[in-house]
Amino acid sequence: MADERSAELVGSLGAIRNRIADACESVGRDPRSVTLIAVTKTYPATDVAALAALGVADIGESKDQAGRAKVAELPDLAVRWHMVGRLQTNKARSVAGWASAVHSVDRPKLVRALADAAAGRPEPLDVFVQVSLDGDPTRGGVLDADLDALCDDVAARDPLQLRGLMAVAPMDTDPDDAFATLAEFADRVRAAHPYARALSAGMSGDLEAAIRNGATHVRVGTALLGRRPPVFG
């Protein structure tokens, strides 16, 4: 069974890498400019280890409980762990203990909590500010009017490192239009914070559109790992 699963992952990883390469070629980008984050959320630690053995260096989790458990199970695995799901403020200290980056920072209270939690880390916690592309804060993401102030807040806190922006394309919007809007937000943020050049955008169904619009990090789950019964809820 382990060999069968490994073969599945080899095939799906190759397909995703080909999609990334083709998307980059279409806009004259180097595929090495795009970081693949394998979002393993409900899948077991054995899948994480298998992906790492295939050269995947970045692993995404959407829940603190699952991420914390996998890091504990794989303490010596040389990967970077990313928190990509919506984050409750009371989970900030736990996440700062295992994640290298948080992609879903969208409110001042969470910035403060993460800065306090990351104060004892040997290196800053990377932060992607999540921006709303449809103006609906209930779906996660800071509104346009509050984006600049939130980025300034992150950048002013030494325990945190502002890497750039993150967004999810609304389901009822053309992804190219959505990510073009995100690129405009990113240009604005970079004018104030030139080092914040990362753009976390694109998932299994829309990574090509994200790359066409400047994504530096794509978060891929289903297209890479398939659909299987969940291990974590």
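Structural data are supplied above this passage.
The paragraphs below set out a description of the structure included in this document. (Residues numbered from 1 in each chain as written. Predicted model: local features only at pLDDT ≥ 70, side-chain atom pairs only at ≥ 80, totals over all residues. Heavy atoms only, no water.)

### Description of helix α5 (residues 108-117)
Listed in full, the buried residues belonging to α5 are L110, V111, A113, L114, A115 and A117. Buried residues along α5 sit in contact with α4 (92-98), β4 (101-105), β5 (125-130), α6 (144-155) and β6 (160-166). (Buried < 20%, exposed > 50% of the residue type's maximum accessible area, 1.4 Å probe, protein only. Helix = DSSP H or I, 4+ residues; strand = E, 2+ residues; numbered from the N terminus. Contact = heavy atoms within 4.5 Å.)

### Focus on the pattern of salt bridges
In this structure the tally under the stated criterion is 16 salt bridges. Between R32 and D30 there is a salt bridge whose closest N-O contact spans 2.9 Å. (Salt bridge = Lys/Arg side-chain N within 4 Å of Asp/Glu carboxyl O.)

### Some words on the pairing of β4
When you tally the buried positions in β4, you get five out of five residues, the bulk of the element. Strand direction decides the pairing type here: strand β3 (residues 80-83) and β4, joined by two bridges, are parallel. Within β4, the position partnered with H82 by the bridge is A101. In this fold, β3 hands off to α4, which returns the chain to β4; that crossover is right-handed. Where β4 meets β5, three bridges bridge the pair, whose relative direction is parallel. The residue bridging A101 from the neighbouring strand is D126, located in β5. What joins β4 to β5 is α5, and the crossover it makes is right-handed. (Pairing = 2+ DSSP bridges. Right-handed = clockwise from strand over helix to strand, strands pointing away.)

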